[in-house]
Each structure stands twice: as structure tokens, then as C-alpha cells.
Amino acid sequence: MFIVENPFALLSAASEVFTPGVMKTYIVLMILSVVAGTLFDVWHKKSAKYFAENTKRGKKNAKREVSSGERSGMLVKTVTNEVLTSSEFSNPKRRLSHLLTMYGFIVFVATTAIMIFGYAGDAAGTPTLLPLLWHVGAIMLCVGGYWFWFAIRVDVAAEGNPWYRIAPRADMFILSLLATCTFALLWSVTGASAGLFFALFVASATFLFTTVIWSKFAHMFFKPAAAFEKRVIQADGSNEGLPGDFDLTSKELQEKFPDIPTYMGEKPADMGPGIRREAARHY
Ligand code: HEM
């Protein structure tokens, strides 16, 4: 049964070209490509410099010191909330779709590496859990990813564009993720030989891992850093130089800004929750 068989071991047993050594070399090259692409992106967009300057500016405008204990707490919260449970998504469908895509990808990539480095020459010795998880990971990514592609992404859900309209730079990440896992599944289901589906699987994966400097791939490294930074600037009161939440009826505030009672009366009405008045259906 294909779902509990190591497709990489089946391939290496049937092919003289795709030996375990070739597969291991490919994985190492892809890892190097992601690292190089991410570092180039950091340098090219000057994001490290931006983060450093933003932190300095935040410290200058800070209204209070954030202790190192508090920082550690925020780090843990960033990991448990924004990273592990995609808490930044207010729209529950986008959140669920992201969780499926993210965990699907992690499980698929991790089991690919373990099956290639540990068992590519040993089909019978591969623990059945590994290929099972590999297939489940690919299916999870496909469920979350196709749901996102056909119904959730902003172009379709909010802008009303048809699902087949492609913006190459914006869509290359999701499309190459989907192509990689779709062709991986088709390759495995059809016997894991060195045929067309294998060629398409490798081509999509190579595209995914070598286009990091143009695609949204590196967001998985940058978003956690940005989420942590956001927690710190909210805790130290610097708030990126944005005004705080004011009570318009406060006497102190009205003395500071005398035009408030002039235009809005002594007791300005509560303007309500603004953008949060509506459920987060669009973005
Ligand atoms: C294995 C890791 C991950 C995968 C495969 C993944 C996948 C995706 C995909 C497919 C999108 C939609 C991109 C698009 O608009 O085309 C997305 C968006 C997003 N991801 Fe991830 N993600 C991963 C990790 C993370 C992590 C660790 C975080 C946060 C800590 C994160 C936060 C976000 C956010 C906030 C968006 C919305 C971006 C926006 O609309 O501007 N992701 N992710």
C-alpha cells in the first residue's frame, strides 16, 4: 500500500541515477539555497538594519523599561501564539487554512529529510509512520493551500478576481508549494518511479526552494521576529510613535486639545470600535 511505503527507497531501488547519495546532495543544496536566499533578502531589503533602527527608535520613545524576564515571557507567547497557532489571523478560515498549510509543509519537509537521510536505501526498514506522515503532511498542505487559492486569498475573496488570475511574484510561493505536494502525491500514488510526476515534483520543489529572494517563502522566518517586536513596542509604550487610545471625554485631554469640545461638544460620543465593528471577513 503506497501510503505506508517510503517512495524515495522505492525510487532508489528501481533507478541507477537517483541513488541515496544523489538525493542527499539535492536536499543539502536546497537547504543552502534557502539559507542563501534568506540572507540575501535580509541584506537586499536592509531588514536587519531596519529592525535595529526600529528597536533603537522604540527604546528612545519608550515610556517604561521592559525587563528581560518580561521579554522572555513575550518570546514564549510569540512562539505559542503567533508561530504555533497563527494567532495573527482574525479570520478563522484564513487561520485554519494557514495552520493546515504550515503544519502540512513542516511534516512533509521533515519526513522527506528523515526518509532520505535515514532510509533511502532501505525500503523494508523504514518505520511505516514516516511515509504515513509524509502523505498526511502533503494532503494537509493541499487542503489548506487549495482552500486558500480558490476561496480565501484576498484577490478572490475580497477583490472579486477569478481564481485562475495569477500575479506571478505574489503567487509563486503558494503555487510552488501546491505543485510540490500535488506532484509528490501523484508520484507516490502511481508507483514512485522516475517518470513524469517525479520530474514535475522535483521541478516544483527546486522552484520553491530557489526563488526565496523573490517569493514569500522567507516570511516564515521574518514574521516571528516582527510579531515579537510588536509585543515589545506595545509593552514599552513606544507604540511605533502612534498615538495611544484616548478618552475624548477626559478633562485633561480636552485641556490639551481645546478643539475637541469646540467640534464635538463637552461629551463627545463614543465613535465605536472603528474597523473592528465588522467581522474580519476580508483580510
Ligand atoms: C512552514 C511554515 C509556513 C508556511 C508553509 C506558510 C504558508 C503561508 C502561505 C501560503 C501564506 C499565504 C501567502 C500569500 O498571500 O500568498 C501565508 C501567509 C501568512 N503567514 Fe505563513 N507560513 C508559514 C509560517 C508562518 C509563520 C511561522 C508565521 C508567523 C509567525 C506566519 C504568518 C503568516 C501571516 C501573518 C500571513 C499573512 C500574510 C499577509 O497576508 O500579508 N507564517 N503563510
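Residues numbered from 1 in each chain as written. Predicted model: local features only at pLDDT ≥ 70, side-chain atom pairs only at ≥ 80, totals over all residues.

*Asks:* Please give an account of the overall build of the protein chain that cites residues and values.
*Replies:* The number of helices and strands found in the protein chain is 12 helices and 0 strands. Along the protein chain, helices (α) and strands (β) appear in the sequence α-α-α-α-α-α-α-α-α-α-α-α when read from the amino end. Since a compact globule built from 283 residues should have a radius of gyration of about 19 Å, the 25 Å found for the protein chain marks it as more spread out than a globular shape. Within the protein chain, the proportion of its 283 residues that are buried is 21%. In the protein chain, the share of contacts with a sequence separation of at least 24, taken over all contacts with a separation of at least 6, comes to 75%. (Helix = DSSP H or I, 4+ residues; strand = E, 2+ residues; numbered from the N terminus. Rg over C-alpha atoms; globule rule 2.2 N^0.38 Å. Buried ≥ 20, exposed ≤ 12 C-beta atoms within 10 Å, placed from the backbone. Contact = placed C-beta atoms within 7 Å.)

*Asks:* Requested: an account of helix 2 (residues 20–44), with residues and values cited.
*Replies:* Here helix 2 contains 25 residues, and its C-alpha end-to-end distance of 36 Å stays within 8% of the 36 Å for a straight helix at 1.5 Å per residue. K46, located one to two residues past helix 2, shows a positive phi value of around 55°. (Expected span 1.5 Å × (residues − 1).)

*Asks:* So what's going on with the domain arrangement of the protein chain? Residues and values would help.
*Replies:* How large an interface is tends to be reported as the accessible area lost when its parts come together. For the protein chain, the domain assignment lists domain 1 (2–235) and domain 2 (246–277). Taking the mean C-alpha position of each, domain 1 and domain 2 sit 46 Å from one another. (Domains from an automatic or database assignment.)

*Asks:* Can you tell me about the site of the ligand, naming the residues and giving the values?
*Replies:* Close to the ligand lie 17 residues, the nearest being E82, M102, F105, M220 and K223. Looking at the shell around the ligand, the elements that each hand over two or more residues are helix 4 (68–85), helix 5 (92–119), helix 8 (168–189) and helix 10 (219–235). (Near = placed C-beta within 6 Å.)

*Asks:* Got a sec to walk through the environment of R169? Specific residues and values, please.
*Replies:* Tracing the backbone shows R169 in helix 8. Given 11 C-beta atoms within a 10 Å radius, R169 is considered exposed. In this structure the C-alpha to C-alpha distance between R169 and S215, which are 46 residues apart in sequence, comes to 6.3 Å.

*Asks:* Let's hear about helix 5: which residues, and what values?
*Replies:* With 28 residues, helix 5 ought to run about 40 Å at 1.5 Å a step, and its terminal C-alpha atoms sit 39 Å apart, in line with that. Within helix 5, burial applies to R94, S97, L100, T101, G104, F105, F108, T111, T112, M115, I116 and Y119. Those residues of helix 5 hidden inside the fold are in contact with helix 1 (7–14), helix 2, helix 6 (129–152) and helix 8.

*Asks:* Tell me about the packing of helix 5 against helix 6, and name the residues and values.
*Replies:* At a minimum axis distance of 7 Å, the contact between helix 5 and helix 6 shows a crossing angle of 150°. Classified by chirality, the crossing of helix 6 by helix 5 is left-handed. In terms of residue class, the contact of helix 5 with helix 6 is made up of 19 nonpolar, 9 polar and 2 charged. (Axes fitted to C-alpha atoms, helices over the stretch in contact; angles between N-to-C directions. Left-handed = near helix turned anticlockwise from the far one by under 90°. Nonpolar A, V, L, I, M, F, W, Y, C, P; charged D, E, K, R; others polar.)

*Asks:* Explain unusual backbone geometry to me, and be specific about the residues and the numbers.
*Replies:* With a phi close to 45°, S86 is a non-glycine residue in the positive phi region. Here S86 is to be found in the loop between helix 4 and helix 5. For S86, a count of 19 C-beta atoms within 10 Å translates into the label partly exposed. With a phi angle near 55°, A192 is a residue other than glycine that sits in the positive phi range.

*Asks:* Give me the lowdown on the environment of S15, citing residues and values where you can.
*Replies:* Along the chain, S15 falls in the loop between helix 1 and helix 2. When the 14 C-beta atoms within 10 Å are taken as the criterion, S15 is described as partly exposed. Expressed as a C-alpha distance, the spacing of S15 and S188, which sit 173 residues apart in the sequence, is 15 Å.

*Asks:* Now, about the packing of helix 3 (residues 47–61) against helix 10: what can you tell me, with residues and values included?
*Replies:* Direction vectors running N to C along helix 3 and helix 10 enclose 10°, while the axes themselves pass 11 Å from each other. In terms of orientation, helix 3 and helix 10 fall into the roughly parallel class. Taken together, the residues of helix 10 that come into contact with helix 3 (itself represented by S47, F51, N54 and G58) are F222, A225, E229, V232 and I233. Taken together, the residues that form the contact of helix 3 with helix 10 break down as 5 nonpolar, 3 polar and 1 charged. (Parallel < 35°, antiparallel > 145°, perpendicular 65-115°, else oblique.)

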